[in-house]
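Take a look at the letters that make up each chain.
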Amino acid sequence: MVASVTSILEKYNKDKTRLMDILLEIQEAFGYISSEAVNEIARCCNISTVDVQQTISFYHFFTQKPTGKYTVYLNNSVVANMMGREQIKETFERETGTKFGQVSEDGLFGLFDTSCIGMNDQEPSAIINGKVFTNLTPFRVKELVRGMREGKDVEELMVEGYGDGNNGNKLVRSMVMNNIRRKGPILDDNYTPGIVIWKKLPTMTPEQVIAEVKASNIKGRGGAGFPTGLKWEFCRRAKGDRKFIFCNADEGEPGTFKDRVILTERPKLLFEGMVIAAYAVGATEGILYVRHEYKYLQKHLESILQGARERNLLGKDIGGIKGFNFDIRIQFGAGAYVCGEESALIESAEGKRGEPRDRPPFPVEKGYLDYPTVVNNVETLCAVVKVMLNGGEWYRSFGTQDSTGTKLLSVSGDCKYPGVYEVEWGFSVYDILGMVGATPDVQAVQVGGPSGTLLAPVEFRRILGYEDLATGGSIIIFGKHRDLLKDVVLNFTEFFIDESCGSCSTCRIMPVVLRNKLLKILNGKGVIKDIDDMLEWAKVLKASRCGLGQTAANPIVSSIKNFRHLYEQRVRMDTDFDSGFNLAESVKDYIEASGRVIVE
Amino acid sequence: MAKIVNFTIDGKDCIAEEGLYLVQAAKNNGVYIPTLCNYEGIKPKGSCRICTVRINGRLMTSCTTPISDGMKIESNTEEINDLRKAIIELLFVEGNHFCPACEKSGNCELQALAYRFKIMVPRYPYTFPQRRVDASNPKIIKEQNRCIMCKRCIRAIKDEQGRSLFAYKKRGHKSEVVLDPVLGLQMSDELARKAMAVCPVGSILVREQGFIQPIGTRKFDKKPIGSEIEMSQPTK
Ligand SMILES: Cc1cc2nc3c(=O)[nH]c(=O)nc-3n(C[C@H](O)[C@H](O)[C@H](O)COP(=O)(O)O)c2cc1C
Ligand code: SF4
Ligand code: FES
């Protein structure tokens, strides 16, 4: 029996700030959100139907039409393409008789593209009815489609067995591999959950906790690199009847998957970090915001939370500390990279479109439901537990002067050992390539995902750290045989076009204008001036509200700076002007409609 | 009484009540900072980015940034003016804007800004999007070719219960601002007129209200947008 729309609405008290959960449950129960459901939600929550629709239509995984009994979301990230996605896509289309972006006539199959699902070390992969299928081959796809035609359950379709570690746990049952290849203080197995809560917190004041975190000099691992201790201090000082701790597990930057591994293998460490943060700032409620792609981890995470409540690591008088009350709920996203931006994350958790807010005010002053809120990355919160356990000074012994501690890297692309590596800050790109078994003919390395930098070999001596290459940890390696402009830069630029929230004029329009220019060059119609135009035009993006828009031209700009010759090889040298106009293309519709042909 | 703070815009000494949005603070000092998505009386949502200034070195939008003591603001500089001009050009290439045939011509803020910034032709290629005209409502027409996604109508037009009549749909360059089909039918004449007035361009039109104002009497026929602020005396 599926829940009715009414019962779902009642479960969330018809509270419009819980619209995400309401929509997620309706989507899951019915496979889509019907217009009747939209009307019912609007009526019960007393908002207009367009208001409901503006949230629905923002998120990739909400649909207003059925998406097939078997819904396949095939990753279209750069690395998926490198690992043979095209063949997988063709096989799916051929075997199901359906095109991508469509649902088969009998309603059995729905095939859709989706951006990086956090499985770059095991591509090509797809999410089928919420389950992740990795390392796909055309052979496996044929098998899968045959199984679907036989009406098998997705669980039955998984013949590979389960992945390592907790992926095999009965609450997870996923074939995903952790691929942990190097451990350090964060991934260390030698950790007793709850130890800081039991042993340390009762002996320290919140101010002392903040002082210890400050002493470690740890900065945020989500990309922006803001000092964690300072953030907590701001939030502690902010006035508010309620305060919130958010853990950002939206992990949407193409090429990162280390948070997925932490959620799978070290969730207790993460939750302990959230409790420490709550103690430090005086928060009573926590929200773990997890990207929709990791929904297969839901039961696992919820059971750990339940266990923590039973052991008094969450709930009332935590760790025996009188009056220290804190609990955590999990909020799932629904497919929007920009929700990883902290204020968009908050908007989304409030049931709205994930549009970043104007700042000031910052979340530490006015965050979730306008209460002071700390947003921290998964890895940051895990590292803090170790800081509390061993002291800020111990933590500073790792890394460099400006970048203390270790960093989890998500390595993928052309190398022997893709996976998660915990290294000290200060590691050079060159050393990473050696460590992960990259071939000597590496052409380029993308550090920090699409919003980062495309490095050429002359820069491989650069180091990871806030003082040089600040990064959330996505490292993608490209061998000599890759077409950087077509396969990498174009894909990344389209990623930003698809993921822009559309609020800022700059971010909404400029990436499209730049993409069109890039296509002009790729189509052999470019001239030298087009290259310089792109560099010049990209500058307006700096006026965008959030990091997405501000970095949306990075793939183009950094590739022009470091690989200008690739552009020059492709532009026309015989002229300095080409409008890019293509007669045949421009009159295509007319020609088709009239049945005429163009004579050259 | 609120605290009075000192700040400078392009070197000019200014004073204002602390916490006032920068656009307003500048206006009170007789300095015009171009705006487009901002609308007096409704909550700002820095979406057009035209009011961008440099504050102590950082790009910020002045419609959303509260003024504070000691701010050094750069606004009328070559860099910032070119940025604003570029943004206006982007808005022109994003949609399909044919000023001579538009009901709002002369009263359109986008057009007026283009004149003020002396735009002859945008530096970017037009994108010629396929957009629809939504004429399903008996009172107003939503002309999507001209919508610049400023969200003014979304923020300003609500029914008695506070429900929005307009909302965003989709995201990124596919975004649209749409009218609620149900609430739209119950819209009063007054609200319809307000919606048209709030729209800075000709995307929301009250039926049978086009071209009623003779050329020469329209808002920006005689003086460029912003000149009323520049000619005003600073308020104390
Ligand atoms: C477009 C965009 C996407 C982001 N995605 C993430 C993300 O997936 N995870 C994350 O922790 N931070 C992400 N961030 C950074 C967050 O805004 C924020 O800085 C971070 O969560 C703060 O935590 P930290 O201080 O622990 O790093 C993103 C930022 C932007 C602009
Ligand atoms: S920069 Fe882009 S993603 Fe960020 S708020 Fe603006 S439009 Fe949205
Ligand atoms: S007027 Fe400030 S961003 Fe539009």
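Structure: above.
Residues numbered from 1 in each chain as written. Chains lettered and ligands numbered in written order. Predicted model: local features only at pLDDT ≥ 70, side-chain atom pairs only at ≥ 80, totals over all residues. Heavy atoms only, no water.

So, the overall build of chain A
Rule in force here: Secondary structure follows DSSP: runs of H or I at least 4 residues long count as helices, runs of E at least 2 residues long count as strands, and numbering of each begins at the N terminus. The size measure is the radius of gyration over C-alpha atoms, and the globule rule it meets is 2.2 Å times the number of residues to the 0.38 power. The buried label goes to any residue with under 20% of its type's maximum accessible area, the exposed label to any with over 50%, and the partly exposed label to all in between, with areas taken from a 1.4 Å probe on protein chains only. When checking whether two residues touch, look at their non-hydrogen atoms; a contact exists if any pair is within 4.5 Å. Each accessible area value is a Shrake-Rupley result obtained with a 1.4 Å probe; residue values ignore everything except the protein chains displayed when judging cover.
What chain A contains, in helices and strands, is 26 helices and 15 strands. Scaling as 2.2 N^0.38, a compact globule of 600 residues should have a C-alpha radius of gyration of about 25 Å, and chain A matches this with 25 Å. Projected onto the principal axes, the alpha-carbon positions of chain A cover approximately 85 × 60 × 45 Å. Put simply, chain A has 600 residues, and 60% of those count as buried. By sequence separation, contacts in chain A at least 24 residues apart represent 71% of the contacts at least 6 residues apart. Taken as a whole, chain A presents about 23,200 Å² of accessible surface, with 49% of it coming from carbon and sulfur.

Here's the deal with the pairing of strand S10 (residues 373-377) of chain A
Residue and element names in this part refer to chain A. Rules: We call two strands paired when DSSP finds no fewer than two bridges between them.
Across the five residues of S10, five count as buried, placing the element largely inside the fold. Of the two faces of S10, the one holding Thr373, Val375 and Asn377 and the one holding Val374 and Asn376 are both buried throughout. By the bridge criterion, five bridges tie strand S7 (residues 244-249) to S10 in an arrangement that is parallel. Across the sheet, Cys247 pairs through a bridge with Asn376, a residue of S10.

What to know about the packing of helix H20 (residues 505-522) of chain A against helix H21 (residues 528-537) of chain A
Helix packing for two helices is described by the angle between their axes and how far apart those axes are. Residues and elements named next belong to chain A. Selection criterion: Interaxial angle, 0 to 180 degrees, is taken between N-to-C directions of lines fitted to C-alpha atoms, where a helix line uses only the stretch in contact. For classification purposes, angles smaller than 35 degrees are called roughly parallel, those larger than 145 roughly antiparallel, those between 65 and 115 roughly perpendicular, and all remaining angles oblique. Should the near helix be turned anticlockwise from the far one by less than a right angle, the crossing is left-handed, and should it be turned clockwise, the crossing is right-handed. Ten residues, namely Ala, Val, Leu, Ile, Met, Phe, Trp, Tyr, Cys and Pro, are considered nonpolar, four, namely Asp, Glu, Lys and Arg, are considered charged, and the remaining ones, Gly among them, are considered polar.
Relative to each other, H20 and H21 sit at 165°, their axes nearing to 10 Å. Considering their axes alone, H20 and H21 lie roughly antiparallel with respect to each other. In this structure, H20 meets H21 at a crossing whose hand is left-handed. Across the interface between the two elements, Met510, Val513, Leu514, Lys517, Leu518, Lys520 and Ile521 from H20 touch Asp530, Ile531, Asp533, Met534 and Trp537 from H21. In the contact of H20 with H21, the residues fall into eight nonpolar, no polar and four charged.

A closer look at the packing of helix H3 (residues 35-45) of chain A against helix H4 (residues 49-56) of chain A
Residue and element names in this part refer to chain A. Look at H3 against H4: their axes get within 8 Å of each other, and the N-to-C directions meet at 115°. Regarding H3 and H4, the two cross each other, and that crossing is right-handed. Where H3 approaches H4, its residues Val38, Asn39, Ile41 and Ala42 are matched on the opposing element by Thr49, Val52, Gln53 and Ile56. A breakdown of the residues in the contact of H3 with H4 according to their chemical character gives five nonpolar, three polar and no charged.

A look at the interface of chain B and chain A
Just so we agree on the cut-off: Each of two parts loses accessible area, computed with a 1.4 Å probe, when they are put together; buried area is these two losses added. The term salt bridge refers to a pairing of a side-chain nitrogen on Lys or Arg with a carboxyl oxygen on Asp or Glu at a separation within 4 Å. Identification of polar contacts relies on pairs of N or O atoms within 3.5 Å, with a donor-acceptor requirement for protein atoms, meaning one able to donate a hydrogen and the other able to accept it, and with residues adjacent in sequence counted only if both atoms are side-chain atoms.
With 43 residues of chain B in contact, the opposing surface of chain A contributes 40 residues. Between chain B and chain A, roughly 3,300 Å² of surface is buried when both sides are summed, and carbon and sulfur atoms account for 55% of that area. Viewed at the interface, chain A and chain B are joined by four salt bridges. Between A:Glu499 and B:Arg171 there is a salt bridge whose closest N-O contact spans 3.2 Å. Our count for the contact surface shared by chain B and chain A stands at 22 residue pairs in polar contact (both at pLDDT 80 or more). Put simply, the parts of the chain that give the side of chain B that touches chain A at least two residues each are strand S4 (58-61), helix H2 (78-94), strand S8 (166-169), strand S9 (176-179) and helix H5 (181-185) of chain B. In terms of residues, the side of chain B that touches chain A owes the most to one element, H2(B), which gives seven residues. Residues that form the side of chain B that touches chain A fall into these classes: 23 nonpolar, ten polar and ten charged.

Considerations on the site of ligand 2
Stated formally: Here a residue is considered near a molecule or strand provided that any single heavy atom belonging to it is located within 4 Å of it.
Residues in close proximity to ligand 2 total 13 residues, the closest being A:Cys501, A:Cys504, A:Cys507, A:Cys546 and A:Gly549. Looking at side-chain class alone, the shell around ligand 2 contains seven nonpolar, five polar and one charged residues.

Section: the site of ligand 1
All names here are of chain A. Taken together, 19 residues lie near ligand 1, and Gly222, Asn248, Glu342, Asn377 and Thr380 sit nearest. Gly222 places a main-chain nitrogen or oxygen 2.6 Å from an oxygen atom of ligand 1. At 2.9 Å from an oxygen atom of ligand 1 is found a side-chain nitrogen or oxygen belonging to Asn376. Summarising the interface, the protein chains cover 90% of the accessible area of ligand 1, which totals 610 Å² for the free molecule. With three residues, S10 is the single largest residue contributor to the shell around ligand 1. Classifying every residue of the shell around ligand 1 by side-chain character gives four nonpolar, nine polar and six charged.

Focus on unusual backbone geometry
Residue and element names in this part refer to chain A. Cis peptide bonds are those with omega within 30 degrees of zero, and the linkage from Glu123 to Pro124 qualifies with -5°. For Pro124, the position within the fold is in the loop between strand S3 (109-114) and strand S4 (126-128). Cis rather than trans, the peptide bond between Pro360 and Pro361 has omega equal to 0°. Summarising the element assignment, Pro361 is placed in the loop between helix H15 (342-349) and S10. Look at Asp370: it is not a glycine, yet its phi comes out positive at around 70°. Secondary-structure assignment places Asp370 in the loop between H15 and S10.

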